[in-house]
There are 2 protein chains.
Amino acid sequence: MKKAVILLSGGLDSATCLAIAINNDFEPYALSFRYGQRHDFELNCAKALTNSFKVKDHIILDIDLRAFGGSALTDDIAVPKNRDHTTFSEEIPVTYVPARNTIFLSFALAYAETLGANNIFIGVNALDYSGYPDCRPEYIESFQNMANLATKSSIEGENPLKIHTPLIDLTKADIIKVGINLGVDYSLTHSCYDPSKDGFSCGHCDACQLRVKGFEIAGRSDPIKYSN
Amino acid sequence: MKKAVILLSGGLDSATCLAIAINNDFEPYALSFRYGQRHDFELNCAKALTNSFKVKDHIILDIDLRAFGGSALTDDIAVPKNRDHTTFSEEIPVTYVPARNTIFLSFALAYAETLGANNIFIGVNALDYSGYPDCRPEYIESFQNMANLATKSSIEGENPLKIHTPLIDLTKADIIKVGINLGVDYSLTHSCYDPSKDGFSCGHCDACQLRVKGFEIAGRSDPIKYSN
């Protein structure tokens, strides 16, 4: 089996991405981050998912992105609610975390190199998404080009590093349908940017809106709890 | 003044790089990492240098690269001594830390974006160096291309991000001469991969060999202390 590093936030997308990697016969090594996000619900979900899918190993790294600030997810900035989700991709919201995917992919690259893995999976999506620049296909392709000049294995190894983005062209509804077919237990995932203290999702932030709409279009019921 | 993020390890190269940035009228914001390296001497030097040069701000981030291992600088692997430094660039030694510069530059990108800075300085050198893949010009250029697709400011801003590598084509001797002209106090720098407990440099690891040879060719005396 080929080893693969899977970036696993504990959200709906990365959970589906993990299931796809396993379904494609990759041996999964999960990587998550405690990066100064406001809450730990996502990380608890990431742990539950790694148990559910029996991943080979799971590293949770501490990196303090609050040192820089500049995002509603890591700073004292209000998470926007009830935005018009038909125009999400036209503007970049305050939930954008500067260079987050670049930092996450860089650590995934380090992990992959020490494992001798040539495959990284990331659940970015360029269709039903919040308009983040580091979710676009041209960004991912460019990161892959850079990665193939960055490491010892890129010079000495025979197989180039591949960054897999199996969700990039899927709608949220399609992602959910694929995941259900592959046995993803979506009750173990968390999407909300601004959950209540007891872990209920708000239902109104961008992430909740995309998730709710996705389950609706997919004709499935969302197993997680919402505040209202 | 234009803001610039300077990656500052506390070594000879990054100290010179900081002096060059200041000499080119950039307002310096220094970024250092406690990444699981075996000793803290470098970081103490980084702090001393930021005081000496009165940088605008200095962030020291904790990131645990020991979680992955795979290097003599972060793991329980012996630092090689007395290698033939005329052939350094032909093989990649065990002091290589997987994806380190990619991780460092990614954090510099996040810092730059939150500052509204379009300039990052990194003291990589492709001439008198240890043969690390992430010190080569083609790698740096590729990272810059990726960075200009990665961030909100790369989409909305007018000025592309520039990664400055003022040392890339200089010999170690040239770097030292430039630094002395710009007032770098090299007694505040540290290069050794394997110092004694009281901070004396070993004189025999790759970093020491390059430094010793550099001062010799430059015809200057190295103000730091060596074990022998």
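That block above? That's the structure.
So, the interface of chain B and chain A
- If you look at the interface, chain B gives 37 residues, while chain A gives 37 residues.
- Within the residue set of the side of chain B that touches chain A, elements represented by two or more residues are strand 3 (57-62), helix 3 (100-115), helix 4 (137-150) and helix 5 (152-156) of chain B.
- Residue composition of the side of chain B that touches chain A, by class: 22 nonpolar, 9 polar and 6 charged.

A look at the nonpolar core
- Counting residues in hydrophobic clusters, the biggest one holds 134 residues, and the most contacted among them are Ile6, Leu18 and Ala108 of chain A together with Ile6, Leu18 and Ala108 of chain B.
- Ignoring anything within four residues of it in the chain, the contact list for Ile6 of chain B reads Cys17, Leu18, Ala21, Pro28, Tyr29, Ala30, Leu31 and Phe121 of chain B.

Remarks on the environment of Asp13 of chain B
All names here are of chain B.
- As for its position among the elements, Asp13 is in helix 1 (residues 12-23).
- Considering only alpha carbons, one finds Asp13 and Pro166, 153 residues apart in sequence, at a separation of 9.9 Å.
- Setting aside its immediate chain neighbours within four residues, Asp13 contacts Gly123, Asn125, Leu167 and Ile175.

Regarding the relation of the copies chain B and chain A
- Least-squares fitting of chain B to chain A yields an RMSD of 0.0 Å, with the superposition described by an axial translation of 0.0 Å and a rotation of 180°. What we have between these two chains is a two-fold relation. Taking C-alpha positions as reference, the residue of chain B nearest the rotation axis is Ile63 of chain B, located at 2.8 Å.
- Most of the interface of chain B is mirrored in chain A: 100% of its interface residues are interface residues there too.

Quick look at the sheet that holds strand 4 (residues 119-121) of chain B
Residues and elements named next belong to chain B.
- Taken in spatial order, the 5 strands line up as 3-2-1-4-5 in an open sheet, and their pairing is parallel. With one partner strand each, in any of the chains shown, strand 3 and strand 5 (162-164) form the two edges of the open sheet. Taking each pair of neighbouring strands and ignoring which way they run, the sheet shows an average axis angle of 25°.
- Against the sheet, helix 1 makes contact with strand 1 (2-7), strand 2 (26-34) and strand 4, and its axis sits at roughly 160° relative to strand 2, the strand it touches most.
- Most of the contacts of helix 3 go to strand 1, to which it runs at about 160°, and overall it touches strand 1, strand 2, strand 3 and strand 4.

A short note on the pairing of strand 2 (residues 26-34) of chain A
Residues and elements named next belong to chain A.
- Within strand 2, 7 of the 9 residues are buried, leaving the element largely enclosed by the surrounding structure.
- Handedness of the β-α-β unit built from strand 1 (residues 2-7), helix 1 (residues 12-23) and strand 2 comes out right-handed.
- Here strand 2 pairs with strand 3 (residues 57-62) via 6 bridges, running parallel. When the bridges of strand 3 are listed, Ala30 appears paired with His58.
- With helix 2 (residues 41-53) bridging strand 2 and its parallel neighbour strand 3, the resulting β-α-β unit is right-handed.

Considering unusual backbone geometry
Residue and element names in this part refer to chain A.
- At Lys54, a residue that is not glycine, the phi angle is positive and equals roughly 50°.
- With respect to the secondary-structure elements, Lys54 resides in the loop between helix 2 and strand 3.
- Using a count of 8 C-beta atoms within 10 Å as the deciding quantity, one classes Lys54 as exposed.
- Of note, Ala99 is a non-glycine position whose phi angle comes to about 60°, a positive value.
- For Ala99, the location among the structural elements is in the loop between strand 3 and helix 3 (100-115).
- Judged by C-beta crowding, with 28 C-beta atoms within 10 Å, Ala99 ranks as buried.

A word on the environment of Val94 of chain A
Residues and elements named next belong to chain A.
- With respect to the helices and strands, Val94 occurs in the loop between strand 3 and helix 3.
- By C-beta crowding, Val94 is classed as partly exposed, having 15 other C-beta atoms within 10 Å.
- For the pair Val94 and Leu127, spaced 33 residues apart in the sequence, the C-alpha separation amounts to 19 Å.

Notes on helix 3 of chain A
- An ideal rise of 1.5 Å per residue puts 22 Å on 16 residues; helix 3 of chain A measures up with 23 Å between its terminal C-alpha atoms.
- Among the 16 residues in helix 3 of chain A, 15 count as buried, and that is most of the element.

Quick notes on the sheet that holds strand 1 of chain A
Residue and element names in this part refer to chain A.
- On the basis of which strands lie adjacent, the open sheet formed by 5 strands has the order 3-2-1-4-5 and parallel pairing. What marks the edges here is a single partner per strand, and that holds for strand 3 and strand 5 (162-164). Shown here is a sheet whose adjacent strand axes are inclined to one another by a mean of 25°, direction ignored.
- Where strand 1 and strand 4 (residues 119-121) come together, 2 bridges link them in parallel fashion. Bridging from a neighbouring strand, Val5 pairs with Ile120 of strand 4.
- Strands strand 1, strand 2, strand 3 and strand 4 of the sheet are contacted by helix 3, whose axis makes an angle of about 160° with strand 1.

Points about the pairing of strand 2 of chain B
- Pairing analysis gives 6 bridges linking strand 1 of chain B to strand 2 of chain B, with the strands arranged parallel. When the sheet's bridge partners are listed, Val5 of chain B is paired in strand 2 of chain B with Tyr29 of chain B.

Notes on the environment of Phe53 of chain A
Residue and element names in this part refer to chain A.
- Position of Phe53 among the secondary structure elements: in helix 2.
- Along the backbone, Phe53 and Val184 are 131 residues apart, and their C-alpha atoms lie at a distance of 8.6 Å.
- Setting aside residues up to four positions removed in sequence, Phe53 forms contacts with Leu18, Ala19, Ile22 and Pro28.

Calculation criteria
- Residue numbering note: each chain is counted from 1, following its sequence as written.
- Numbering of ligands from 1 and lettering of chains from A proceed in the order in which they are written.
- The model is predicted, so local features are restricted to residues of pLDDT at least 70 and side-chain atom pairs to those at 80 or more, both for listing and for counting; the totals for chains, interfaces and linings are taken over all residues.
- Whether two residues are in contact is decided by their C-beta atoms, placed from the backbone, lying within 7 Å.
- Helix and strand definitions follow DSSP, with helices as H or I runs of at least four residues and strands as E runs of at least two, each counted in order from the N terminus.
- By the convention adopted, Pro, Cys, Tyr, Trp, Phe, Met, Ile, Leu, Val and Ala count as nonpolar, Lys, Arg, Asp and Glu as charged, and the other residues, Gly among them, as polar.
- In this description, a nonpolar core means buried residues of the types Ala, Val, Leu, Ile, Met, Phe, Trp, Tyr and Cys, linked to one another by C-beta atoms lying within 7 Å.
- With C-beta atoms placed from the backbone, a residue counts as buried when 20 or more other C-beta atoms lie within 10 Å of its own, as exposed when 12 or fewer do, and as partly exposed for counts between those limits.
- All copies are superposed by least squares; the fitting set is the C-alpha atoms of residues with a pLDDT of at least 70 in both.
- Each pair of strands is called paired provided DSSP finds at least two bridges between the two strands.
- Fitting a line to C-alpha atoms yields each axis, with helices limited to the stretch in contact; the angle taken between N-to-C directions then spans 0 to 180 degrees.
- When the strands point away from the viewer, a crossover counts as right-handed if the path from the first strand over the helix to the second runs clockwise.
- Under the convention used throughout, the expected extent of a helix is 1.5 Å for every residue step, that is, one less than its residue count.

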